Amino acid sequence: MSNSEPGFSTLAIHAGAQPDPTTGARATPIYQTTSFVFEDTDHAASLFGLKAFGNIYTRIMNPTQAVLEERIAALEGGTAALATGSGHGAQLLVFHTIMQPGDNFIAANKLYGGSINQFGHAFKSFDWHVRWCDPSDLDSVESQIDDRTRAIFIESLANPGGTFVDIKAFADIAHKHGIPLIVDNTMASPYLVRPIEHGADLVVHSLTKFIGGHGNSMGGVIVDGGTFDWTASGNYPMLSEPRPEYGGIVLHETFGNFAFAIACRVLGLRDFGPAISPFNAFLILTGVETLPLRMQRHCDNTLEVASWIKNHDKVAWVSYSGLEDDDNHALMKAYSPKGAGAVFTFGLKGGYEAGVKFVEALEIFSHLANIGDTRSLVIHPASTTHRQLSPEQQVAAGAGSDVVRLSIGIEDVADIIGDLSQALDKA
Amino acid sequence: MNHDRYPDSYIANILHSVKSIAMIGASAKDVRPSYIAMKYLLAKGYEVIPVNPGQAGKEILGQLVYAKLSDIPKPVDMVDVFRGSDALPSIVDDVLALDPRPQVLWAQLTVRNDAAAEKAEAAGLKVVMNRCPKIEYGRHSGEIGWNGVNSRIISARKPVLQRGYQALGIRARPQ
Ligand SMILES: Cc1ncc(COP(=O)(O)O)c(C=O)c1O
């Protein structure tokens, strides 16, 4: 390869993968094994002591998983990555590495409902405290930062409302206060938005969605931007202090700009265990190779569908930042010029009742709790993904009772619109 | 040389051509970065000679420790520095006083001093700063990818197998 940077599509196919040196297998093999043989006791000790690169046990790392990790790190422009069994597993490991009991973090109130639950309820048991902010009101972010605030968390493109967030503005606030910005880039994927280029320090994904892209495998990933100084403030002892788990090693000093990803692996994944299976890593890797093609088609189809549905008699409103008159269109143009993603929401003039009839009349659309499949998907968030939220939280998250969410697939757009049309007739 | 970003071929050539390395600031403590790098480089077949006045006369990883560079009784190809950036100018003076001179001066992660580097380069040395040879070896062999690190190298060439399980050698040919 020349010394010029490979393009996104080249990375999507090649990064992290090499021919198998013993068999010549060119596709990445599925290393369906729990464990790896040591050369001798010294080699084993080196691996356990973080003194050599290599594999020990599939709860901690696996060669198929590793190719996926390097691939996503390259696509996001990060220094390293760690794959996990789900997006939620990735979030748990990120916060475990950042937070001590009693610490808090700021999170946007426009998030996937499951993340709102994880932060607001599950994390309380660890004595980690979320403070919600309105991502369109930067004062609500900064006014809540205090000396126990350890991070800011946003989605680049919020689920389900489909609104882009001003990543750079959040990064500036975070860095002014010496804390990292964490961005969930699931809905946009690195094909549309690369948050690290806009100042994010860490990126997380549910690989379950567009990156895997075929609705067949759960997965998550943490990408280390390599940008944050974990030692300066003394507030991130997992990285800056000697670790008793490893005889006193200091991870930031030893691993430099990819220490965060290593810490998530050797202090988080190792001890909590949310590992990705090699088979899922393989399926997601196969999906990644076509991410640029699929994502562009998702965006093109969705813009056509949203433009069509907006003019339908029975439709009260549409929220899709790809539409020129959408409130969020300027931010979309700035952050995601190739397209506005595949997920959007709309409401029917007939409200909740009409929405139920519409969902039940669809033929091609699948009614299920996922996004980012090749197939077109539909859901009513208030009764499903955002069910545990209070009515106020639902409205704030863009998931009020009249809201229907679509995730547009890569079928022929005429068939997608045809199905929506016949279902709207029955609503 | 632009010390913000080194061409891959520059680093690969150094890792290929160097055989013996004097490691200034080598630690006897097995969790220190210098110890970890030394252990790795020894496993990759390099001769590593530790330099540390506090440990002089003892052994680290089976290698005799010298108090200062000029005490090493044979020529070395590279000097790898595990000391602060401030120490680099006087280390460069010590390196330039060696006869024969090493070909490469390498300064570890976070260690950088452009004036010292310029002086060494003017005398014909190749200089690498703010990098770790273990990490660079891992990038150029592909080993570092096993731990999810972005090597920033893509290649459809056969990885170079070394002796034993899970051991790869430097892939790129020197140019
Ligand atoms: C934006 C976003 N983040 C995180 C998650 C959680 O990921 P997973 O379901 O893989 O745990 C989801 C899943 O719906 C999501 O949409």
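Residues numbered from 1 in each chain as written. Chains lettered and ligands numbered in written order. Predicted model: local features only at pLDDT ≥ 70, side-chain atom pairs only at ≥ 80, totals over all residues. Heavy atoms only, no water.

### Digging into the nonpolar core
Residues and elements named next belong to chain A. Formed by 190 residues in total, the largest nonpolar core has its most connected members in Ile152 and Phe358. Considering each element in turn, this core owes the most residues, nine residues, to helix 11 (residues 259-272). Each of domain 1 (8-287) and domain 2 (291-426) contributes no fewer than three residues to this core. Those residues in contact with Ile152, other than ones at most four positions away along the chain, are Ile106, Val141, Ile145, Phe170, Ile173, Ala174, Ile179, Pro180, Leu181 and Ile182. (Core = buried A, V, L, I, M, F, W, Y, C linked by side-chain atoms within 4.5 Å. Buried < 20%, exposed > 50% of the residue type's maximum accessible area, 1.4 Å probe, protein only. Helix = DSSP H or I, 4+ residues; strand = E, 2+ residues; numbered from the N terminus. Domains from an automatic or database assignment. Contact = heavy atoms within 4.5 Å.)

### Some words on the domain arrangement of chain A
Residue and element names in this part refer to chain A. According to the domain assignment, chain A consists of domain 1 (8-287) and domain 2 (291-426). Taking the mean C-alpha position of each, domain 1 and domain 2 sit 28 Å from one another. Around 3200 Å² of area is buried between domain 1 and domain 2 when both sides are counted, 60% of it from carbon and sulfur atoms. Among the residues of domain 1 in contact with domain 2, Phe164, Tyr191 and Phe210 are the three that bury the most area, contributing 25% of the side total. Where domain 1 touches domain 2, the interface holds zero salt bridges. Counting the contacts that link domain 1 with domain 2 gives 20 residue pairs in polar contact (both at pLDDT 80 or more). (Buried area = accessible area lost by both parts, 1.4 Å probe. Salt bridge = Lys/Arg side-chain N within 4 Å of Asp/Glu carboxyl O. Polar contact = N/O pair within 3.5 Å; in protein donor to acceptor, adjacent residues only side chain to side chain.)

### What to know about the interface of chain A and chain B
How big an interface is tends to be reported as the loss of accessible area on association of its parts. With 48 residues of chain A in contact, the opposing surface of chain B contributes 40 residues. Between chain A and chain B, roughly 3500 Å² of surface is buried when both sides are summed, and carbon and sulfur atoms account for 56% of that area. Considering only the side of chain A, the residues that lose the most area to chain B are Lys51, Phe53 and Glu70 of chain A, jointly responsible for 24% of the buried surface there. On inspection of chain A and its partner chain B, the count reaches four salt bridges. Between Asp42 of chain A and Lys39 of chain B there is a salt bridge; the shortest N-O distance is 2.9 Å. Linking chain A with chain B are 15 residue pairs in polar contact (both at pLDDT 80 or more). Secondary structure elements with two or more residues in the side of chain A that touches chain B: helix 1 (8-14), helix 2 (41-48), helix 3 (63-76), strand 1 (80-84), helix 10 (251-255) and helix 11 of chain A. Per-element accounting of the side of chain A that touches chain B gives the leading share, five residues, to helix 3 of chain A. Classifying every residue of the side of chain A that touches chain B by side-chain character gives 24 nonpolar, 15 polar and nine charged. (Nonpolar A, V, L, I, M, F, W, Y, C, P; charged D, E, K, R; others polar.)

### Quick look at empty space enclosed by the protein
A complete count under the given rule lists one cavity of 30 Å³ or more for this structure. In this model, the largest cavity occupies a volume close to 70 Å³. Every residue along the wall of the largest cavity is listed here: Gly16, Ala17, Gln18 and Glu70 of chain A together with Gly142, Ser151, Ile153, Ile154, Ser155 and Arg171 of chain B. Its residues assigned to classes, the lining of the largest cavity shows three nonpolar, five polar and two charged. (1 Å grid on protein atoms, 1.4 Å probe; cavity = no way out; pocket = protein on both sides within 12 Å on 5 of 7 lines; lining within 4 Å. Points joined across faces, edges and corners; volume = space filled by probe spheres on them.)

### Concerning the site of the ligand
Residue and element names in this part refer to chain A. Close to the ligand lie 15 residues; Gly87, Asp184, Ser206, Thr208 and Lys209 are nearest. Residue Lys209 places a side-chain N or O atom 2.8 Å away from an oxygen atom belonging to the ligand. The fraction of the free accessible surface of the ligand (390 Å²) that becomes covered by protein chains is 93%. A total of three residues in the shell around the ligand trace back to one element, the largest contributor, which is helix 4 (residues 87-98). For the shell around the ligand, the class distribution of residues is three nonpolar, nine polar and three charged. (Near = heavy atom within 4 Å. Areas by Shrake-Rupley, 256 points an atom, 1.4 Å probe, with all protein chains shown as cover.)

### Re the layout of surface pockets
Each pocket or cavity is described by its volume, and for the second largest pocket that value is around 660 Å³. In terms of lining residues, the second largest pocket is bounded by 29 residues, among which Asp20, Pro21, Tyr31 and Pro63 of chain A together with Trp146 of chain B are the most central. With four residues, helix 3 of chain A is the single largest residue contributor to the lining of the second largest pocket. Its residues placed into classes, the lining of the second largest pocket shows 16 nonpolar, 11 polar and two charged.

### Considering the packing of aromatic side chains
Counting across every chain of the model gives 25 aromatic pairs over all chains. The interplanar angle of 85 degrees and the centroid separation of 5.2 Å between the aromatic rings of Trp230 of chain A and Tyr236 of chain A together place this pair among those described as edge-to-face. Classification of Trp230 of chain A as buried rests on a relative accessible area of 3%. Exposure remark for Tyr236 of chain A: the relative accessible area of 1% places this residue in the buried category. Note on Tyr6 of chain B and Tyr10 of chain B: the rings are 5.7 Å apart at their centroids and 10 degrees apart in plane angle, and the pair reads as stacked. The exposure class assigned to Tyr10 of chain B is buried, which follows from its relative accessible area of 13%. (Phe/Tyr/Trp six-rings, centres within 6.5 Å; stacked < 30°, edge-to-face > 60°.)

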